[in-house]
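Per-entry structural report
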Amino acid sequence: MSTPSAPENLMEAVVSLAKRRGFVFPSSEIYGGINGFFDYGPLGVELKKNIRDCWWNDMVRRRDDVVGVETSIIMHPKVWEASGHVAGFTDPLVDCKASKQRYRADQLFFSPVIVDGKTVGYVSALESDDTAGALQAAAETFKRKKAIQGQLAPVIAKDMTEAQPDEIALIPSPATGEPGSLTPPRAFNMMFETHVGAMRDASAIAYLRPETAQGMFVDFKAVVDTGRVKLPFGIAQTGKSFRNEITPRNFIFRSREFEQMEMEFFIHEDDDWAKWHRYWIDWCKDWLKSIGLPDSHLSEYDHLKEKLAFYSKGTTDIMFKYPFGVQELWGIAARGNYDLTQHANASGKPQDIFDEATKKKFVPHVIEPAVGLDRIFLAVLCAGYAEEEVKDEKGNVEKRTVLRLSPRVAPIKVAVLPLLKNKPELVARAQALYAKIKRKYAAFYDEAGAIGRRYRRQDEIGTPWCVTIDFETIEKDGTVTLRERDSMQQKRITEAELFALLDEQVY
Ligand code: GAP
């Protein structure tokens, strides 16, 4: 009837589906929620675990040169001094004194309103897909309201980090529309603080880790001494990280508690870092495609050399086309030997390796692919979500929502459906098959409602296959009907063929 496609309001549709079908809920919702925190429901936790497991299997288990660790979330506070996070893990913050709203200065834009070459006021707008357009519209409204005659110049969009001291008092707050209440930007440290032990004084301050990476650096020597590893090799981990983001937004894209999957790949100081950097960019892109993200949604962004930290040799982000714009998904950074050197200096424990060939010690360099699991989760939902018009059994047109998830990550791999629930022989056969599949794959048994309705329920949660047990199964050759989610095509297959299909596609 129609081809499956993403609706105009894709983000709204994805958030609504995520809630309706138990993928993601706002945290503590019965108390009104808490901004920047989310819970994963029964299907969400499966999808998330599948993405994490795919990453772990491909990144660690199926490679001979990467080992895994799981380090503590709260580490010695000196870790974060040495890494530079205590001094520098900040975002520029602007307060509105009137409304008590807070903004990230680099997401709050302003422009002078220039009429006939003269600045007659200022307008502001929060970053959006069309920030310049919003500023231009605000400038036109400003001119009209003040009844100023003359030629309005195009706006010059700048963010608040670029505002001159004399401009700040003239820029209107986006909350009130009035100037005079915005503060100059100040550095806001995004690490969550806590206290360890019974004391509440400065000596007890510790931090919830803002990245998992430092765990790998701090354990570098312990892994080298125990892990039978040889350069080049990587240390990987997955786990929660915490950042007190000023403006968490776009659902789970930018939250305050999220999960990272990071790997530190250590190479010889004389090795070709650019070659390894390229290798890991390609590896990450291929991996994203292997879990179903379309190539057309992926791109690369090279950080500008002049904006890199002094120790960084290069950073490339793999970008994803989200409904709210093209945004960073996975950062691949060539960090030199900065982190290990910092920890060697701060701890007094050398972090070098002995090179048998040159008989010299050196501190390895590192390439770091770092990705947010929640961001992949969101990308998978957005790329997979589609709607189309189909005919039901009676020939009526209805909307089909389908989540085209890769079998690798789909929360349920196969649904087992007896054709009729009041035929004990169909039910018994279906339940036996269900029990057999469940030993190895996530499966779902459903006997309630018309078969078409049961298919739709599975389509909406991304189940790649449904198998129906009908009279042919029990009376003839034991074959079942396999119905494929995306094409909705059906064919008869044997149980052995079903398991072969699952083995091949779910890995
Ligand atoms: N160790 C390097 C590091 O943490 P990053 O670019 O700050 O680098 C890595 O973070 C990845 O973590 C990002 O590419 C993104 O996928 C994810 N991430 C960062 N902040 C996040 C947030 N507030 N919410 C969700 N994911 C986030």
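Structural data are supplied above this passage.
Worth saying up front: this structure is predicted, and the values here are computed from it rather than measured. Per chain, the residues get numbers from 1 upward, laid out in the order the sequence is written. Local features in this predicted model are restricted to residues whose pLDDT is 70 or higher, and side-chain atom pairs enter the listing and the counts only when it is 80 or higher, whereas totals over whole chains, interfaces and linings include all residues. Values reported for side chains reflect all heavy atoms of the structure, with hydrogen atoms and water molecules removed beforehand.

**Regarding the packing of aromatic side chains**
Put simply, the test is: In this analysis, rings of Phe, Tyr and Trp, with Trp reduced to its six-membered ring, are considered paired at centre separations within 6.5 Å, and the interplanar angle assigns stacked below 30 degrees, edge-to-face beyond 60, and tilted for intermediate values. Helix and strand labels come from DSSP, where a helix needs a run of H or I of at least four residues and a strand needs a run of E of at least two; each type is numbered from the N terminus. Exposure is judged per residue with a 1.4 Å probe applied to protein chains only, and the accessible area is read against the type maximum: over 50% gives exposed, under 20% gives buried, and values in between give partly exposed. Think of it as a cone above the ring: NZ of Lys or CZ of Arg counts as a charge over the ring if it is within 6 Å of the ring centre and within 35 degrees of the ring normal.
In the structure shown here, the tally under the stated rule is 22 aromatic pairs. With a centroid separation of 5.4 Å and an interplanar angle of 80 degrees, the aromatic rings of Phe-38 and Phe-251 are classed as edge-to-face. Taken together, the positions of Phe-38 in strand 2 (residues 38–40) and Phe-251 in the loop between strand 12 (233–242) and strand 13 (257–267) put the pair 213 residues apart, joining distant regions of the chain. Among the residues examined, Phe-251 registers a relative accessible area of 16% and is labelled buried. Seen in terms of ring centroids, Phe-253 and Phe-324 are 5.3 Å apart; in terms of plane orientation they differ by 70 degrees. Their pairing is edge-to-face. Linking Phe-253 in the loop between strand 12 and strand 13 with Phe-324 in the loop between strand 15 (314–322) and strand 16 (325–336), this pair joins segments that are 71 residues apart in sequence. Comparing Phe-253 with Phe-324, the two get one shared label, buried. Aromatic rings pair up to connect Phe-265, Trp-276, Tyr-279, Trp-280 and Trp-283 into one cluster. For the cation-ring pair, Lys-48 lies above Tyr-40, with the distance from its terminal atom to the ring centre recorded as 4.0 Å. Above the ring of Phe-253, the side-chain terminus of Arg-375 is found at 3.7 Å from the ring centroid.

**Re the site of the ligand**
Put simply, the rule reads: Any residue with a heavy atom lying within 4 Å of a molecule or strand is counted as near it. Any pair of N or O atoms that falls within 3.5 Å is considered a polar contact. Within protein, one atom must be able to donate a hydrogen and the other to accept it, and sequence-neighbouring residues count only if both atoms are side-chain atoms. When residues are sorted by character, Ala, Val, Leu, Ile, Met, Phe, Trp, Tyr, Cys and Pro go into the nonpolar class, Asp, Glu, Lys and Arg into the charged class, and all the rest, Gly among them, into the polar class.
Taken together, 18 residues surround the ligand, and among them Glu-211, Ser-255, Glu-262, Glu-328 and Leu-329 come closest. Between Glu-262 and the ligand, the recorded distance is 2.5 Å, taken from a side-chain N or O atom to a nitrogen atom. Every element with two or more residues in the shell around the ligand is listed here: strand 13, strand 16 and strand 19 (365–372). Counting residues per element, the shell around the ligand draws most heavily on strand 19, which supplies four residues. Of the residues contributing to the shell around the ligand, the split by class is six nonpolar, four polar and eight charged.

**Concerning the pairing of strand 16**
Cut-off, in case you're wondering: If DSSP finds at least two bridges between two strands, the strands pair.
The pairing of strand 15 with strand 16 spans nine bridges and is antiparallel. Within strand 16, the position partnered with Thr-315 by the bridge is Ala-333. Linking two consecutive strands that pair antiparallel, namely strand 15 and strand 16, is a turn of two residues. As defined by bridge partners, strand 16 adjoins strand 19 across six bridges and the pair is classed as antiparallel. Note that in strand 19 the partner of Trp-330 across the bridge is Val-371.

**With respect to the nonpolar core**
Going by this rule: Within this scheme, the nonpolar core is defined by two criteria: the residues are buried Ala, Val, Leu, Ile, Met, Phe, Trp, Tyr or Cys, and they are joined through side-chain atoms within 4.5 Å. By definition in these notes, contact holds between two residues if any of their heavy atoms fall within 4.5 Å.
Counting residues in hydrophobic clusters, the biggest one holds 61 residues, and the most contacted among them are Ile-51, Trp-287, Trp-330, Ile-376 and Leu-378. Those elements giving two or more residues to this core turn out to be helix 1 (10–20), helix 2 (42–61), strand 13, helix 9 (273–290), strand 15, strand 16, strand 19 and helix 11 (373–384). The leading source of residues in this core is helix 11, at nine residues. Non-local contacts of Ile-51, meaning those with residues more than four positions away in its chain, are made with Met-261, Trp-287, Ile-291, Leu-373, Ile-376, Phe-377, Val-380 and Val-409. Ranked by size, the runner-up nonpolar core spans 21 residues in total, among them Val-427, Tyr-434, Ile-493 and Val-506.

**Digging into the sheet that holds strand 7 (residues 118–126)**
In spatial order, the strands read 7-6-8; together these three strands make up an open sheet with antiparallel pairing. The open sheet has two edge strands with one neighbour each: strand 7 and strand 8 (158–159). Here two bridges tie strand 6 (residues 108–115) to strand 8, and the two strands are oriented antiparallel to one another. Counted as the bridge partner of Phe-110 is Lys-158 from strand 8.

**A word on helix 13 (residues 451–460)**
Counting buried residues in helix 13 gives eight out of ten residues, a clear majority hidden from the surface. Burial in helix 13 covers these residues: Ile-451, Gly-452, Arg-454, Tyr-455, Arg-456, Gln-458, Asp-459 and Glu-460. Gly-462, located one to two residues past helix 13, shows a positive phi value of around 85 degrees.

**Section: the pairing of strand 19**
Buried residues dominate strand 19, accounting for eight of its eight residues. Burial of the side chains of strand 19 extends over both faces: His-365, Ile-367, Pro-369 and Val-371 are buried on one face and Val-366, Glu-368, Ala-370 and Gly-372 on the other.

**Let's talk about helix 10 (residues 338–347)**
Turning to helix 10, its buried residues are Tyr-338, Asp-339, Leu-340, His-343 and Ala-344. Tucked inside the fold, the buried residues of helix 10 contact helix 3 (77–82), helix 7 (213–218), helix 8 (220–226), strand 13 and strand 16. Two residues or fewer past helix 10, Gly-348 is found with a positive phi of approximately 75 degrees.

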